[in-house]
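# Descriptive structure summary
One-letter residues, chain by chain:
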Amino acid sequence: MTQDRSEMSEDDDDKQSPPLDLRSAAIAEPSSSSSSSSVVVVVDSTPNKSRNCISSSSSGSLTSQPFPDHVLENVLENVLQFLDSRCDRNAASLVCKSWWRVEASTRSEVFIGNCYALSPARLTQRFKRVSSFVLKGKPRFADFNLMPPDWGANFAPWVSTMAKAYPWLEKVDLKRMFVTDDDLALLADSFPGFKELILVCCEGFGTSGIAIVANKCRKLKVLDLIESEVTDDEVDWISCFPEDVTCLESLAFDCVEAPINFKALEGLVARSPFLKKLRLNRFVSLVELHRLLLGAPQLTSLGTGSFSHDEEPQSEQEPDYAAAFSACKSVVCLSGFRELMPEYLPAIYPVCANLTSLNFSYANISPDMFKPIIQNCHKLQVFWALDSICDEGLQAVAETCKELRELRIFPFDPREDSEGPVSEVGLQAISEGCRKLESILYFCQRMTNAAVIAMSENCPELTVFRLCIMGRHRPDHVTGKPMDEGFGAIVKNCKKLTRLAVSGLLTDQAFRYMGEYGKLVRTLSVAFAGDSDMALRHVLEGCPRLQKLEIRDSPFGDAALRSGMHRYYNMRFVWMSACSLSRGCCKDIASAMPNLVVEVIGSDDDDENRDYVETLYMYRSLDGPRKDAPKFVAIL
Amino acid sequence: MAYEKKVNELNLKDTELCLGLPGRTEEIKEEQEVSCVKSNNKRQFEETRDEEESTPPTKTQIVGWPPVRSYRKNNSVSYVKVSMDGAPYLRKIDLKTYKNYPELLKALENMFKFTVGEYSEREGYKGSGFVPTYEDKDGDWMLVGDVPWDMFSSSCKRLRIMKGSDAPTLDASL
């Protein structure tokens, strides 16, 4: 189940991710000298050093032993093998040089949260036996056209370096990376045991690249293309899978906007006995889905294609869709429903009672069509939908889905001045009915503090709270007051909160609450909020665990930015666009913090002497500024 | 905040100021961008992911707001089947693209090349022999036009244009 959640999730991991181990990573080779003063970093004065590796060497823990103790290292190797979590591994690597060495030689799964935080060479120098690799590229706000295309995040240097260093590589999981067909070809050629390719929100490749992977990676178990842009090269990639029985366990191509050869797909599914997850694109019709389901009753996760019929002769007998779904007793995760014809929805009744995850976010369903379905979904834990289900639909969810952990409501009409079919009424209902809620993303046009406060009190398990009131600067529509108290209650009452996105009319007070009470907040998204620098200062001087800060269109200036200098090395990145920053200040910070890469992003016709900073994107890096920055990026 | 809205189907796009290059085709996807913070800095990023805007842009549309990925924006179509007695093929339409009954009926007439008669509440459709009916969420077959438009569009599961001889058997009211 959790596997399905992370597949569906657009979010980052919720696991703790300690800051990049700058100090020990700076040590390329274990040296025989006993001195191990910090090579590159300033002394960090914040009290929170528990996960912070940027500290002075006063701990003296890096004295190396004059002769490596082979016995000890062998023992260590056997023990450290059992450590999976990267937090634990990072901590272990800091104990001493010996532990660092052994940990580096036994780490098989590497996670890199920012592809520009280090070079591929550094990765391969430190870790020798990597078989699984997660890499993230562009910052999230790039998804919303706040950055010009061709900014970077190229997979090419990574794949070419790893091709030589890790021929045994099995898994690659990329998010917001630019991946070309050549990169995919190199991947397919270089890793004979390759098993899992997951591309989330990526672009730069097409069906020809996919075809090469399908053809050459004979041990492929997972091919998941999720919300990526895939060009239609008019290649029949489904036919490129090898003829014999495959190892496929998961195949997701719902984002591929290209017709597929259904006969080949049917054949592929028939010779994939281990296939559990299948997500089709909209070019697979309902009739074709029916045939697939009859041939694959072992599926646990299904993404339907088009849930409608094309023009067809009237007299043709329609297949019994409900029967096909009945045959799939194991399906617990359902998504797709593109081009939905509501009259076919009842076909999914047979699987409703088993569903733990349901994604209706591409289906424009009215409350009347929706309620009969959801009333059967007692086991539902993850639910994504469009706001077309209205407050009424949310009330139905609240009545039935007592196990709900994650809710996402997207706007059918994503404009500021559109009708708002969901409101505080729906939010209140959910908070009362779904007490186990952990994660919520909610787009609406109007909201009240009372409903948000209610949620903070009713749902103590919340770790992710993202509320998007689509009208900018919109206050509580009942009281006319800012939304300060609502968000304040969330940070105060939801003690496990790690991710927060705010909206609506917010004064500096809201940020005072966030800074004071947001003890575990790692990711904060701010847009059109706050009155002054003080707001940002509250956050930077509080929120001890803050890692990722993204801000747009808020009146925060140089003084606020400077106030965070003590902590930028402990963060993954800071994004600020359309704020009140000056180039001079950004330059000062760049000079004072040599391991921070400070990018000022503009358009081509920018006057280089212009002082105003449209977009600031800054992040720590072990290997200095990148060499592939395009013209419109100035690295200060 | 007052935004200009689409008025009586007039496409205000033509009269709008825009920062795009002159001579751009009607497939302009990006609206004029305005930053809320005072700056003399208006920038327009070329939209690489082609985004079909189904409504004309309002005057002060903000880039990337609300924060919904373009991937999500051009989708969520929902169709109902339309059949006509005697026609060999079914069609499908998206009810959301129509705002009222006249628009819908006009589209149906174009689609199947017929004319629907005069509608009156008491007597239904008269004059052409074709009667538009629909199946609602409860499975009942109703006459198109009997209920308010919004109620119709949210409960209509499929449409059937009946030929005159069947029409009188249909109960014109609920």
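Along each chain, residues carry numbers from 1 onward, in the same order as the chain's sequence is written. Naming scheme: in the order in which they are written, chains are lettered from A and ligands are numbered from 1. Residue-level local features of this predicted model are given only where pLDDT is at least 70; pairs of side-chain atoms are given and counted only at 80 or more, and the full residue set underlies all totals for whole chains, interfaces and linings. Hydrogens and water molecules were not included; the side-chain quantities draw on all heavy atoms of the structure.

### What to know about the overall build of chain B
Worth spelling out the cut-off: Helical segments are the DSSP runs of H or I of at least four residues, strand segments are the runs of E of at least two, and each set is numbered from the N terminus. Here, two residues are considered to be in contact whenever any of their heavy atoms come within 4.5 Å of each other. Areas reported as accessible are Shrake-Rupley estimates using a 1.4 Å probe. Residue values count occlusion only from the protein chains shown.
Helix and strand counts for chain B come out as three helices and seven strands. In chain B, the share of contacts with a sequence separation of at least 24, taken over all contacts with a separation of at least 6, comes to 48%. Taken as a whole, chain B presents about 10200 Å² of accessible surface, with 51% of it coming from carbon and sulfur.

### Topic: the overall build of chain A
For the record, the criterion: For each residue, the accessible area found with a 1.4 Å probe, counting protein chains only, is set against the maximum for its type, and the residue is called buried under 20%, exposed over 50%, and partly exposed in between.
A tally of regular secondary structure across chain A gives 22 helices and 23 strands. Of all 636 residues assigned to chain A, the portion counted as buried reaches 61%. Within chain A, residue pairs in contact and separated by at least 24 positions form 72% of the contacts whose partners lie at least 6 positions apart. Counting every atom, chain A has about 23200 Å² of accessible surface; 52% of that belongs to carbon and sulfur.

### Describing the sheet that holds strand β2 (residues 91-94) of chain B
Residues and elements named next belong to chain B. Note the threshold: DSSP calls a pair of strands paired once it identifies at least 2 bridges connecting them. Only the stretch in contact is used when a helix axis is fitted, and all axes are lines through C-alpha atoms; the angle between N-to-C directions ranges over 0 to 180 degrees.
Spatially, five strands are ordered β2-β1-β7-β5-β6 in an open sheet, and the strand pairing comes out mixed. At either margin of the open sheet sits one strand with a lone partner, and together these are β2 and β6 (141-143). The sheet shows a mean angle of 30 degrees between the axes of neighbouring strands, direction not considered. Inspection of the sheet shows strand β1 (residues 79-84) paired to β2 by four bridges, in the antiparallel sense. Note on β2: the bridge partner recorded for Y79 is D94. The strands that helix α2 (residues 101-112) touches are β1, β2, β5 (130-136) and β7 (156-163); relative to β2, the one it contacts most, it runs at about 155 degrees.

### Looking at helix α5 (residues 97-106) of chain A
The buried fraction of α5 of chain A is high, at seven of ten residues. Taken together, the buried positions of α5 of chain A are K97, S98, W100, V102, E103, A104 and T106 of chain A.

### As for the pairing of strand β2 (residues 132-136) of chain A
Residue and element names in this part refer to chain A. Selection rule: Looking down the strands as they point away from you, a crossover is right-handed if its path from the first strand over the helix to the second goes clockwise.
The element β2 is largely enclosed, with a buried count of five among its five residues. Side chains of β2 alternate between two faces, with S132, V134 and K136 and F133 and L135 buried alike. The sheet contact formed by strand β1 (residues 109-112) and β2 spans four bridges and is parallel. Residue I112 lies in a different strand from β2, and its bridge partner there is L135. Note on the crossover from β1 through helix α6 (residues 120-126) to β2: the handedness is right-handed. Taking the sense of rotation as the criterion, the β-α-β connection linking β2, helix α7 (residues 156-165) and strand β3 (residues 171-175) turns out right-handed.

### What about the UniProt feature "domain: Transport inhibitor response" (unreviewed entry) in chain A?
The cut-off we apply is this: UniProt positions are given in the numbering used here, feature names are shortened, and annotations may be inferred rather than shown by experiment.
In the numbering used here, UniProt assigns the "domain: Transport inhibitor response" (unreviewed entry) feature to residues 128-174 of chain A. Spanning residues 128-174 of chain A, this segment combines 21% helix with 19% strand, and its end C-alpha atoms are found 20 Å apart.

### Notes on unusual backbone geometry
All names here are of chain B. For the bond running from W65 to P66, omega is -5 degrees, close enough to zero to count as cis. Take P66: it is sitting in the segment before α1 (70-73). In this model, K113 sits at a positive phi of 55 degrees, which is unusual for a non-glycine residue. Here K113 is to be found in the loop between α2 and β3 (118-120).

### Some points on the pairing of strand β19 (residues 548-552) of chain A
All names here are of chain A. Counting buried residues in β19 gives five out of five residues, a clear majority hidden from the surface. Alternating residues of β19 divide into K548, E550 and R552 and L549 and I551, and every residue in both groups is buried. For strand β18 (residues 523-527) and β19, the ladder comprises five bridges, and the chain directions are parallel. Bridge assignment links A527 to a residue of β19, and that residue is R552. A crossover links β18 with its parallel partner β19, the connecting element being helix α20 (residues 533-541), and its sense is right-handed.

### Regarding the nonpolar core
What counts here: The nonpolar core is taken to be a set of buried Ala, Val, Leu, Ile, Met, Phe, Trp, Tyr and Cys residues, with the residues joined through side-chain atoms within 4.5 Å.
Ranked by internal contacts, the top residues of the largest apolar core, which has 189 residues, are F155, W237, L251, L265, F360, F383 and F465 of chain A. A87, A107, M142 and F152 of chain B belong to the second-largest nonpolar core, a separate cluster that totals 28 residues.

### Some remarks on the packing of aromatic side chains
Residues and elements named next belong to chain B. Test applied: Ring geometry is summarised as follows: Phe, Tyr and Trp rings, the Trp one being its six-membered ring, pair when their centres sit within 6.5 Å, and such pairs are stacked at plane angles under 30 degrees, edge-to-face over 60 and tilted between the two.
Going through the model one piece at a time under the given rule, you end up with 29 aromatic pairs over all chains. A ring pair is formed by Y101 and F152, whose centres lie 5.3 Å apart and whose planes are at 45 degrees; its orientation type is tilted. Here Y101 is found in helix α2, whereas its partner F152 is found in helix α3 (residues 149-155), with 51 residues between them in sequence. The same class applies to Y101 as to F152, namely buried.

### Let's talk about the pattern of salt bridges
Cut-off, in case you're wondering: What counts as a salt bridge is simple: a side-chain nitrogen of Lys or Arg found within 4 Å of a carboxyl oxygen of Asp or Glu.
Counting across every chain of the model gives 39 salt bridges over all chains. Among the ionic pairs, E103 of chain A bridges to R107 of chain A, the shortest N-O distance being 2.8 Å. The exposure class of E103 of chain A is buried, given its relative accessible area of 0%. Linked by salt bridges that have partners in common, D143, R176 and E227 of chain A together with R69 and R72 of chain B make up one network.

### As for the environment of L500 of chain A
Residue and element names in this part refer to chain A. As for its position among the elements, L500 is in strand β17 (residues 499-501). Of the residues examined, L500 reaches a relative accessible area of 1% and is grouped as buried. A sequence separation of 158 residues divides L500 from P342, and the C-alpha atoms of the two residues are 35 Å apart. Apart from the residues lying within four places of it in its own chain, the contact partners of L500 are F465, F487, I490, V491, M514, T523, L524 and S525.

### Section: the side chain of R472 of chain A
In plain terms, the rule: The definition of a polar contact used here is a pair of N or O atoms within 3.5 Å, where within protein one atom must be able to donate a hydrogen and the other to accept one, and adjacent residues in sequence count solely through side-chain atom pairs.
Note on placement: R472 of chain A falls in the loop between β16 (464-469) and α18 (484-493). A distance of 2.9 Å separates polar atoms of two side chains, one belonging to R472 of chain A and the other to E416 of chain A.

### Quick notes on the environment of I469 of chain A
In this fold, I469 of chain A is placed in strand β16. Separated by 24 residues in the primary sequence, I469 of chain A and Q445 of chain A have C-alpha atoms spaced 5.3 Å apart. In contact with I469 of chain A, other than residues within four places in its own chain, are C444, Q445, M447, R474, M483, S503 and G504 of chain A together with W65 of chain B.

### Topic: the packing of helix α14 (residues 367-374) of chain A against helix α15 (residues 390-400) of chain A
All names here are of chain A. To be explicit about the condition: Roughly parallel means an angle under 35 degrees; roughly antiparallel means over 145; roughly perpendicular covers 65 to 115; every other angle is labelled oblique. Each residue is assigned to one of three groups, with Ala, Val, Leu, Ile, Met, Phe, Trp, Tyr, Cys and Pro labelled nonpolar, Asp, Glu, Lys and Arg labelled charged, and all others, Gly among them, labelled polar.
As a packed pair, α14 and α15 sit with axes 9 Å apart at the nearest point and diverge in direction by 5 degrees. As the angle between them shows, α14 and α15 are arranged roughly parallel. Contact with α14, carried on its side by P367, D368, F370, K371 and I374, involves C390, E392, G393, A396, V397 and T400 of α15 and no other residues of that element. Here the residues of the contact of α14 with α15 sort into six nonpolar, two polar and three charged.

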